[in-house]
Protein chains: 4
Amino acid sequence: MKGKNSKPWSGRFEQSTDPVVESFTSSLGFDERLFPYDIQGSIAHARMLGSSGLITNEEAEAIINGLEEIREEWEMGRFPLDESLEDIHMNIEARLIKKIGPAGGKLHTARSRNDQVTLDLRLCIRYEIYEIIRKLRSAQGKLLASARNHIHTLMPGYTHLQRAQPVTFAHHLMAYFEMFSRDIQRLEDCLRRVQVMPLGSGALSGTCLPVDREAVAEELGFDSISSNSLDAVSDRDYALEFLAGLSILMMHLSRLAEEIILWTTAEFGFCELPDSLCTGSSLMPQKKNPDPLELVRGKTGRVYGCLIGLLVTMKALPLSYNRDMQEDKGPLFDAIDTVKGSLSVITLCIENLKVKEDRMLQGVMHGFLEATDLAEYLVQKGVPFRDAHNIIGRLVLDATKRGWTNLSSFSLDELKGFCSHFGNDVMPYLRPEKAAYRKNIQGGTSPSRIEEAIKKAEKDLRKY
Amino acid sequence: MKGKNSKPWSGRFEQSTDPVVESFTSSLGFDERLFPYDIQGSIAHARMLGSSGLITNEEAEAIINGLEEIREEWEMGRFPLDESLEDIHMNIEARLIKKIGPAGGKLHTARSRNDQVTLDLRLCIRYEIYEIIRKLRSAQGKLLASARNHIHTLMPGYTHLQRAQPVTFAHHLMAYFEMFSRDIQRLEDCLRRVQVMPLGSGALSGTCLPVDREAVAEELGFDSISSNSLDAVSDRDYALEFLAGLSILMMHLSRLAEEIILWTTAEFGFCELPDSLCTGSSLMPQKKNPDPLELVRGKTGRVYGCLIGLLVTMKALPLSYNRDMQEDKGPLFDAIDTVKGSLSVITLCIENLKVKEDRMLQGVMHGFLEATDLAEYLVQKGVPFRDAHNIIGRLVLDATKRGWTNLSSFSLDELKGFCSHFGNDVMPYLRPEKAAYRKNIQGGTSPSRIEEAIKKAEKDLRKY
Amino acid sequence: MKGKNSKPWSGRFEQSTDPVVESFTSSLGFDERLFPYDIQGSIAHARMLGSSGLITNEEAEAIINGLEEIREEWEMGRFPLDESLEDIHMNIEARLIKKIGPAGGKLHTARSRNDQVTLDLRLCIRYEIYEIIRKLRSAQGKLLASARNHIHTLMPGYTHLQRAQPVTFAHHLMAYFEMFSRDIQRLEDCLRRVQVMPLGSGALSGTCLPVDREAVAEELGFDSISSNSLDAVSDRDYALEFLAGLSILMMHLSRLAEEIILWTTAEFGFCELPDSLCTGSSLMPQKKNPDPLELVRGKTGRVYGCLIGLLVTMKALPLSYNRDMQEDKGPLFDAIDTVKGSLSVITLCIENLKVKEDRMLQGVMHGFLEATDLAEYLVQKGVPFRDAHNIIGRLVLDATKRGWTNLSSFSLDELKGFCSHFGNDVMPYLRPEKAAYRKNIQGGTSPSRIEEAIKKAEKDLRKY
Amino acid sequence: MKGKNSKPWSGRFEQSTDPVVESFTSSLGFDERLFPYDIQGSIAHARMLGSSGLITNEEAEAIINGLEEIREEWEMGRFPLDESLEDIHMNIEARLIKKIGPAGGKLHTARSRNDQVTLDLRLCIRYEIYEIIRKLRSAQGKLLASARNHIHTLMPGYTHLQRAQPVTFAHHLMAYFEMFSRDIQRLEDCLRRVQVMPLGSGALSGTCLPVDREAVAEELGFDSISSNSLDAVSDRDYALEFLAGLSILMMHLSRLAEEIILWTTAEFGFCELPDSLCTGSSLMPQKKNPDPLELVRGKTGRVYGCLIGLLVTMKALPLSYNRDMQEDKGPLFDAIDTVKGSLSVITLCIENLKVKEDRMLQGVMHGFLEATDLAEYLVQKGVPFRDAHNIIGRLVLDATKRGWTNLSSFSLDELKGFCSHFGNDVMPYLRPEKAAYRKNIQGGTSPSRIEEAIKKAEKDLRKY
């Protein structure tokens, strides 16, 4: 049989694999990325096999040295990948045997690809969670730096994309700080479920050999070992939960991207991006487009697709391992790269966004953004809120008919015509630019509260 | 203007709402479910308004009594819903004003529907998380009870739905126990982000009025208050994270449903469901179908759809509140009901599944499930694993050609023909029914390990 | 056995259904909607049974009369639904037997619920496709009416939400006309696959009885009969394809909703919606929000969720019918109602949108929207396009530095300093408001082309 | 400015693109695949520019020759890709200018990347639709060939994965033939909307230059030209519809994969796959797993993810082109490759599936698959179907209690005890293996009907 011996499982097979099947089932295209984790896991496994007496110490040492040489080859770009060896795990094992002889064949003692691949994936996700948290913290740092510069920069706050009440730009930026904090917290929670060492679960039922699972877990820095071998090789919850966390994170980025895109339109004109973060048009010479942010927004779909894709793949699979689960890697790696790229771009945009305070302030002055405060003024005079709301609503309608865009032109007498509770002290309430200062409550937009929030955030961030 | 005054915001409006728009934007169809949470939140808010001096103590008391009467009306099914009042919040407020007069109009002091609705939703999700965890624990209890009865029940373990190695039925059930434990852990983690009190965030920027946010949080049992008003009214992360947790949970249920459906086929014949959990065919008189489990499997799509639906809705929304976010309730409530129903059904099926031990054992005896142990036997004789694997592979091939379905008919001499390391002590390794006992490792399938796992699980579960 | 006889399949059952299972598997909550289609299909089936001699003509007549009475009861709201009868089909059959006696038990001759339910669903979708097409045509009519009024209304055309080139508002509206035309075409294509009559497929393998399938198809207005009984009861392609068409349609609506939301912001100010299509804020008295359009945008997620939900449900189901497929109805009906409601609202908004031509024109004048035409001017003078693009790009940069927002202030001499090919005839090219008129090409934005397009569209639409 | 001149739009820019942005926005990684279509489209465009007099005939000829040389370079693998040139279109243009000098800069006359990229994508999808249809027809051919061999092969037909009624294996295979026919029909319908030529739409508003759009459409084999320039550059409906068609197709493949996986289990044992289409286990020497089919099933999630990903990306984008839309290519190409690979594998499996007729027949004999026919026998004796169903149900229950798995052991007297209408002619109805032959109705499972269906299908297929 041609090529019969090239597969690690060819003993009971009489035909070699059909080339169409070989290329369809090969995972080399994406699992190459697991290389360093596979080496790391195999070294820990070999060391344990040695110390447990399952192989001799000399064999263990030979294997470990061989694996370290292989890692070096790979880092140098000199590792020869063989497509016919199915996946990265078998490539490494074959190379090891070539390097150190039959002893290399002992590395797979008490191990299956089923527990090996979920180990590698857990090591990989752990690494990437740390990377993404680092990038989130970096983005938070830029948000804070900008917020500190804009504690007194007024801008219209929106609901329904209609001007609502004045806020400060710092307050607005800090909303994203909060979102990123939750993203970090969610990834950290996910990490608890990533940090479980599956080796020793074998193909599905464990192993007869007296391995020391705790030792492997300790060497690799895991918090615990898996409790059920069937579950251990069938479980991809950690990948799904990670993808769900990344999807929510991308949703946050899509909102920020959307806002900056709006702010840099001619119509809003609140901000400008530097040339270096924009691209032009092949046809229209005047164009300067916020392409990177549009891509972040667009790529949100891609990450959602990765999440739903893996959820679909896992649906209704009987225990334990099924090859369907190989389809975890494509969406995972794609989502990781998309999120990391998007975070880099968003961070650059936050850092380099040029704020046009005058345009923002103009927005605050027009659109009756002081109306709510005026209603709350009446509340403090004893008017039930519902009545106050109605009075101010009619005031706004009247002003609109006069062509006014705020309430500052009403005289006190005119005001009293709407409600007798208006008094001399109402005047500051007619000035929209004062409204943000009045929200002096935890979470509110007043500069002192924002300053407080920034200080707390800076302190938190410095911990890392 | 007809009906002009029926809306709480009609002051600045000159036309009444178009009836098409009224029915399209009404959320009464689903937010009625928030009724008890809205009352609960409003009572806490009113109490705080009173103690902060924003309304008089008498007013506070009147409001609270009014709200409690309203709650009673609702519980009795006597609350009159008015479709033209848009949503449940406005229905309650209008009813309150009708009951206690103008003082009722003071309840909305320092509050917006934007912070009110996210408060209600958080209270609702908190309640449902506890409910779902309770149901998960109940299912775990039934898994444990059944596992305890089947510590020695051998069954074929599968990979790729091909017989792989023997496991015990208890071991198999305990794999689902593990999944449900992770589901609980994930929901508990989510709860940390649900347990944040948003009131005081107003429509988007906070409030001018000196409210006591901490007091409201404490009364309602929240862990903390939200840190940024813009974020607080724009945030639905907690709902998304909850839906992601429910999606993974449904994935687990779909796997168990799939397995029981397989086990109750004529072909597997491992289990039987009682008549009371099956339904028949309108055409075929002999049919007895596992419909409830098929529905659980099918409804997995529904819950995934809820998750992706809300992720899509939230994509690229500019801050702060947008009406799109009203579309959070449909998918949330649908997913909650689907998950709770599915858990009830699955729990019944676990409890009432009749196991046919003989059919399971028959499966263990045929299919060479002892092959891996035999390879590990050779490893212990010093044969490198890869060579051992190959030798046993050829042995299986030889047996298959003789029409055998296990290796027990080989004589020692024949075995030695394949590998000289086979010795007298190999005989027990030829018996597949012994293999499960040999996996005496944490997480392995040996009865003693399973008993250990069950005891630990029982102890954990008793805590609740 | 309590309740044993209430089920049409209880012959071989010894226990009654568990109440938890009964309520979980009941589909009455949503399949009530199939009532009229079930009656329609049953009448055609009964008539065929009669004319084929499978039942007597008297029996057929009794059944048909009974069914018509039942339809009337239902239309009057007097049909008594019995939850324990599982679904609408069994409710109707039970009612029929009650009305006309044992002959009613003959209606189910040569029919299974499996072929019956897919027939009903096909009838329902056919009806809804016609309804939705009618609504799309109505929306197209409003687009055309508005376009006709705005053939000369200039507005900035955008790419990347940055001003790009002038277009007319009519041209912009006609882009949505095109989208809706494709939506209609797609639904019509889907209809070809809906229009297949499945009755006679029995539960899965057909029937022994000599039914006349073609006669049923003809009476019900189907184009053809299904070719394979296993496929016929397992097929939900038509529902999936319909949901895919609805998802693309909602995507279109979400884009139009997004645009109108942008146009009605204070910042764009291109359009205004009447009070009757907006709602206000419970807190902020001045607010007038485009809520219905936000809901359309938000509900896009819901319809996407319905599509993916059913795709997930259908994944990897073995033939033939599985109960999972009952989960087709929830997403289908939800998507249908959402799309119909959204189309009604969008149509109202198109009809009542007040256009502010001056604000649009102002947008055209600022942002160098004439730059491309100027480059094409140079091309006509023989400058390679890439060079022309570069020259105009530098011109724009120079103007920007002078604080200009269009190119009209450059003198000819200054222009010649950038490129010697500029001549006296360049002046009209410096006026952005002229640019839209120059795109006199099929599909272009010049008034004459638009007028042409509108006329053609009006003619097409009049056909219906 | 470093690198300033490398971009085709750098005229108005003062900074070069940030390298992070450059790599994030580059589409070279995937749009290289559009190379041949870009060349094809550009040649047609250049020829039209020449014949319209927009460039000289010499220039047109030079451009066309240059493009053909470039195509050759690419086919030879000698085309030098420059990452800094953003995308494949700019790479080709830059190469052209290098080859033929400034005349190359005229190729982009009257064209934007916005209309160019959608043209390329349409050409690509058209090609791939033909490819996929070809593969579907090839799979249909293998289904037919196998069906012809199994017109008389009986197997249990299933509903709810419980044995229901006998069918033939040919009938079962032909169900998939029907699904693939619908897939082809759907792709052909989609093609109508792909076959629209967008060039001439410019960036968004058309072009001032007198281009001949019809000529380009004709040269490229399109059916029509786009009607609205704004719509033309914003439209990705055709890609979404194509992805929806591919998703439904993958759903079909996932069902067939699931069935073959079930049939090749030890428990069903209906079929066997050759070694060449299976893979083994790295740990368990006896394993032979249907991995390729599991991957097909698993990759269904991937294709669904591509569909939902692009739907999300397109949601709520304002007109006209936005960079988000670059994210169409990733999911499209991924889905195309996944579907083509899956079809190849499925076709191989259909072709090489070894059927074990004896195991199938055994399944037919046990499970009361004759019950429905027996009920229909009573119907023909005048018993109302509902009563007949009930009588046979009780018969089945009685047999089950005696430990029987079919009804053939009942004596006529015993039968008469259940219903007096049983007569001598009942005997053939007690034999399950006869039941499939009795469904002699269009779409039914009787051999003569199947033979008819196969002949018709063979004739249809021969047309291509």
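Residues numbered from 1 in each chain as written. Chains lettered and ligands numbered in written order. Predicted model: local features only at pLDDT ≥ 70, side-chain atom pairs only at ≥ 80, totals over all residues. Heavy atoms only, no water.

Novice: What exactly am I supposed to notice about the overall build of chain A here?
Specialist: The helix and strand tally for chain A stands at 18 helices and six strands. The C-alpha extent of chain A, read off along each of the three principal axes, is 100 × 55 × 40 Å. Out of the 464 residues belonging to chain A, those deemed buried represent 71%. At a minimum sequence separation of 6, the contacts of chain A that also span at least 24 residues come to 74%. Of the roughly 13,800 Å² that chain A leaves accessible, carbon and sulfur atoms contribute 48%. On chain A, the mean spot of the 57 positive side-chain charges and the mean spot of the 64 negative ones are 5 Å from each other. (Helix = DSSP H or I, 4+ residues; strand = E, 2+ residues; numbered from the N terminus. Buried < 20%, exposed > 50% of the residue type's maximum accessible area, 1.4 Å probe, protein only. Contact = heavy atoms within 4.5 Å. Areas by Shrake-Rupley, 256 points an atom, 1.4 Å probe, with all protein chains shown as cover. Lys, Arg positive; Asp, Glu negative; His and termini not counted. Charge placed at Lys NZ, Arg CZ, Asp CG, Glu CD.)

Novice: Could you clarify how one ought to interpret the relation of the copies chain D and chain B in this entry?
Specialist: Both copies of the chain are tied together by a single rotation about an axis and a shift running along it. Overlay of chain D on chain B (RMSD 0.0 Å): rotation 180°, translation along the axis 0.0 Å. Here the symmetry operator amounts to a two-fold rotation axis. Residue glutamate 267 of chain D, judged by its C-alpha, is the member of chain D lying nearest the rotation axis, at 2.6 Å. Of the interface residues in chain D, 100% have counterparts in chain B that sit at the interface too, so the contact is made through matching surfaces. (Least-squares fit on C-alpha atoms with pLDDT ≥ 70 in both.)

Novice: Would you mind showing me how to read the environment of serine 409 of chain B here?
Specialist: Residues and elements named next belong to chain B. Relative to the helices and strands, serine 409 resides in the loop between α15 (385–401) and α16 (412–418). Each C-alpha atom, one on serine 409 and one on valine 312, is 61 Å from the other, the two residues being 97 residues apart in sequence. Residues in contact with serine 409, not counting those within four places in the same chain, are Trp404 and Glu414.

Novice: Would you take a moment to explain the domain arrangement of chain A for this structure?
Specialist: Residue and element names in this part refer to chain A. For chain A, the assigned domains read domain 1 (10–109), domain 2 (114–356) and domain 3 (363–461). Using C-alpha coordinates to define each centre, domain 2 is positioned 39 Å away from domain 3. In this assembly, 22 residues from domain 2 lie in contact with 24 residues from domain 3. Both sides together, the interface formed by domain 2 and domain 3 hides about 2,000 Å², and carbon and sulfur atoms give 69% of it. (Domains from an automatic or database assignment. Buried area = accessible area lost by both parts, 1.4 Å probe.)

Novice: Explain the interface of chain C and chain D here, please?
Specialist: Often the size quoted for an interface is simply the accessible area lost on bringing the parts together. Taken together, the 112 residues of chain C in the interface contact 113 residues of chain D. With both sides pooled, the region where chain C packs onto chain D buries about 9,600 Å², and carbon together with sulfur makes up 58% of that total. Inspection of the chain C/chain D interface yields 18 salt bridges. We note a salt bridge from arginine 186 of chain D to aspartate 237 of chain C, for which the minimum N-O separation is 2.8 Å. In this structure, the connection of chain C to chain D is made through 54 residue pairs in polar contact (both at pLDDT 80 or more). The residue makeup of the side of chain C that touches chain D, split by class, is 45 nonpolar, 38 polar and 29 charged. (Salt bridge = Lys/Arg side-chain N within 4 Å of Asp/Glu carboxyl O. Polar contact = N/O pair within 3.5 Å; in protein donor to acceptor, adjacent residues only side chain to side chain. Nonpolar A, V, L, I, M, F, W, Y, C, P; charged D, E, K, R; others polar.)

Novice: Sorry if this is basic, but what is going on with the packing of helix α11 (residues 291–314) of chain C against helix α11 (residues 291–314) of chain D here?
Specialist: Packing of α11 of chain C against α11 of chain D leaves a shortest axis separation of 11 Å and a crossing angle of 180°. Considering their axes alone, α11 of chain C and α11 of chain D lie roughly antiparallel with respect to each other. Two secondary-structure elements touch here, α11 of chain C through Tyr304, Leu307, Ile308, Leu311 and Val312 of chain C and α11 of chain D through Tyr304, Leu307, Ile308, Leu311 and Val312 of chain D. Classifying every residue of the contact of α11 of chain C with α11 of chain D by side-chain character gives 10 nonpolar, no polar and no charged. (Axes fitted to C-alpha atoms, helices over the stretch in contact; angles between N-to-C directions. Parallel < 35°, antiparallel > 145°, perpendicular 65-115°, else oblique.)

Novice: Any chance you could explain the packing of aromatic side chains here in plain terms?
Specialist: Geometry of an aromatic ring pair is reported as the spacing of the ring centres plus the angle between the planes. Taken as a whole and judged by the stated rule, the model has 46 aromatic pairs over all chains. Ring centres of phenylalanine 169 of chain A and tryptophan 263 of chain A lie 5.6 Å apart, and the angle between their planes is 65°; on these two criteria the pair is classed as edge-to-face. With a gap of 94 residues between them, phenylalanine 169 of chain A in helix α7 (residues 169–194) and tryptophan 263 of chain A in helix α10 (residues 237–263) connect regions that are remote in the sequence. Aromatic side chains tryptophan 404 of chain C and phenylalanine 410 of chain C sit 5.0 Å apart centroid to centroid with 75° between the ring planes, which places their arrangement in the edge-to-face category. With relative accessibility at 3%, the residue phenylalanine 410 of chain C sits in the buried group. (Phe/Tyr/Trp six-rings, centres within 6.5 Å; stacked < 30°, edge-to-face > 60°.)

Novice: Can you help me understand the side chain of aspartate 18 of chain D in this one?
Specialist: The residue aspartate 18 of chain D is located in the segment before α1 (19–25) in this model. For aspartate 18 of chain D, the residues in contact, after removing those within four places along its chain, are Ser276, Leu277 and Leu348 of chain A.

Novice: Can you help me understand the interface of chain D and chain B in this one?
Specialist: Between chain D and chain B, the contact holds 46 residues from the first and 46 residues from the second. Considering only the side of chain D, the residues that lose the most area to chain B are Glu267, Pro285 and Gln286 of chain D, jointly responsible for 19% of the buried surface there. Here chain D and chain B share two salt bridges between them. Counting residues per element, the ones that place at least two in the side of chain D that touches chain B are β1 (154–159), β2 (162–168), α10 (237–263), α11, α14 (371–380) and α15 (385–401) of chain D. Its residues assigned to classes, the side of chain D that touches chain B shows 21 nonpolar, 15 polar and 10 charged.

Novice: Quick question: what am I supposed to make of the environment of glutamate 86 of chain A here?
Specialist: Relative to the helices and strands, glutamate 86 of chain A resides in the loop between α4 (57–75) and α5 (88–100). Here glutamate 86 of chain A falls in the buried class, since its relative accessible area comes to 8%. Residues glutamate 86 of chain A and glycine 29 of chain A, 57 residues apart in the sequence, show an inter-C-alpha distance of 10.0 Å. The contacts of glutamate 86 of chain A, once residues within four sequence positions are left out, are Lys7, Trp9, Ser26, Ser27, Leu28 and Arg113 of chain A together with Thr279 of chain D. Of note is the side chain of glutamate 86 of chain A, whose polar atom sits 2.8 Å from the side chain of tryptophan 9 of chain A.

Novice: Explanation requested: the state of the cysteines in the structure shown.
Specialist: Cysteine pairs can be covalently joined through their sulfur atoms, and such a bond is termed a disulfide. Enumeration over the complete set of coordinates arrives at zero disulfides over all chains. A disulfide-free cysteine, cysteine 190 of chain D has its sulfur positioned 12 Å from the sulfur of cysteine 124 of chain D, the nearest such atom. Summary of cysteine pairing: cysteine 208 of chain D is not part of a disulfide, and the nearest cysteine sulfur, belonging to cysteine 419 of chain C, is at 17 Å. Note on cysteine 208 of chain D: relative accessible area 18%, which makes it buried. (Disulfide = S-S within 2.5 Å.)

Novice: Even after reading the chapter, I still don't get the pairing of strand β2 (residues 162–168) of chain A, so can you show me in this structure?
Specialist: Consecutive residues of a regular strand have side chains that alternate between opposite faces of the sheet. All names here are of chain A. The buried fraction of β2 amounts to seven of the seven residues, a majority that puts the element mostly inside the structure. Sheet analysis places strand β1 (residues 154–159) next to β2, joined by six bridges and oriented antiparallel. Paired with methionine 155 across the strands is valine 167, a residue of β2. Turn length for the β1-β2 hairpin, with the two strands adjacent in sequence and antiparallel, is two residues, and the turn residue histidine 160 shows positive phi of about 55°. (Pairing = 2+ DSSP bridges.)

Novice: Looking at this structure, I do not really get the relation of the copies chain C and chain D. What am I missing?
Specialist: The operation relating chain C to chain D is a screw motion whose rotation component is 180°, with 0.0 Å of axial translation and a residual RMSD of 0.0 Å. A shared interface surface links the copies, since 100% of the contact residues of chain C are contact residues in chain D too.

Novice: It is not clear to me how the pattern of salt bridges should be interpreted in this structure. Could you clarify?
Specialist: Side chains that carry opposite charge are capable of pairing whenever their charged atoms lie near each other. Under the defined criterion, the tally for this structure stands at 196 salt bridges over all chains. The shortest N-O distance in the salt bridge between arginine 302 of chain C and glutamate 327 of chain B comes to 2.7 Å. Here glutamate 327 of chain B lies in the loop between α11 (291–314) and α12 (329–352) and arginine 302 of chain C lies in helix α11, a pairing that spans two chains. Linked by salt bridges that have partners in common, Arg122, Arg192, Arg193, Asp231, Asp235, Asp237 and Glu241 of chain A together with Arg182, Asp183, Arg186 and Asp189 of chain B make up one network.

Novice: I tried to follow the packing of helix α14 (residues 371–380) of chain A against helix α15 (residues 385–401) of chain A on my own but got confused; where do I start?
Specialist: For any two helices packed against each other, the geometry is given by the interaxial angle and the distance between the axes. Residue and element names in this part refer to chain A. Running from N to C, α14 and α15 cross one another at 135°; their axes reach a closest spacing of 9 Å. With respect to α15, the axis of α14 lies oblique. Considering only the axes of α14 and α15, their crossing is right-handed. Together, Ala371, Leu374, Ala375, Leu378 and Val379 of α14 and Phe385, Ala388, His389, Ile391, Ile392, Leu395 and Val396 of α15 make up the contact between the two elements. Partitioned by chemical class, the residues of the contact of α14 with α15 number 11 nonpolar, one polar and no charged. (Left-handed = near helix turned anticlockwise from the far one by under 90°.)

Novice: Quick question: what am I supposed to make of the nonpolar core here?
Specialist: In globular proteins that are soluble, nonpolar side chains generally tend to be buried together. Of all hydrophobic cores here, the largest spans 636 residues; its most connected members are Phe422 of chain A, Phe422 of chain B, Phe422 of chain C together with Phe422 of chain D. For phenylalanine 422 of chain A, the contacting residues outside a window of four places in its chain are Leu374, Tyr377, Leu378, Ile391, Ile392, Leu395, Leu412, Leu415 and Lys416 of chain A. (Core = buried A, V, L, I, M, F, W, Y, C linked by side-chain atoms within 4.5 Å.)

Novice: Got a minute to help me understand unusual backbone geometry in this structure?
Specialist: Peptide bonds are trans in most cases, and residues, glycine excluded, mostly fall at negative phi. Cis geometry is found at the peptide bond from leucine 319 of chain B to serine 320 of chain B, where omega equals -5°. Among the structural elements, serine 320 of chain B can be located in the loop between α11 and α12. With phi around 60°, leucine 161 of chain C is a residue other than glycine that occupies positive phi space. Mapping leucine 161 of chain C onto the fold places it in the loop between β1 (154–159) and β2 (162–168). Here leucine 161 of chain C falls in the buried class, since its relative accessible area comes to 6%. Residue phenylalanine 368 of chain D is not a glycine yet carries a positive backbone phi of 60°. Within the secondary structure, phenylalanine 368 of chain D is located in the loop between α13 (357–365) and α14. The class of phenylalanine 368 of chain D is buried, set by a relative accessible area of 7%.

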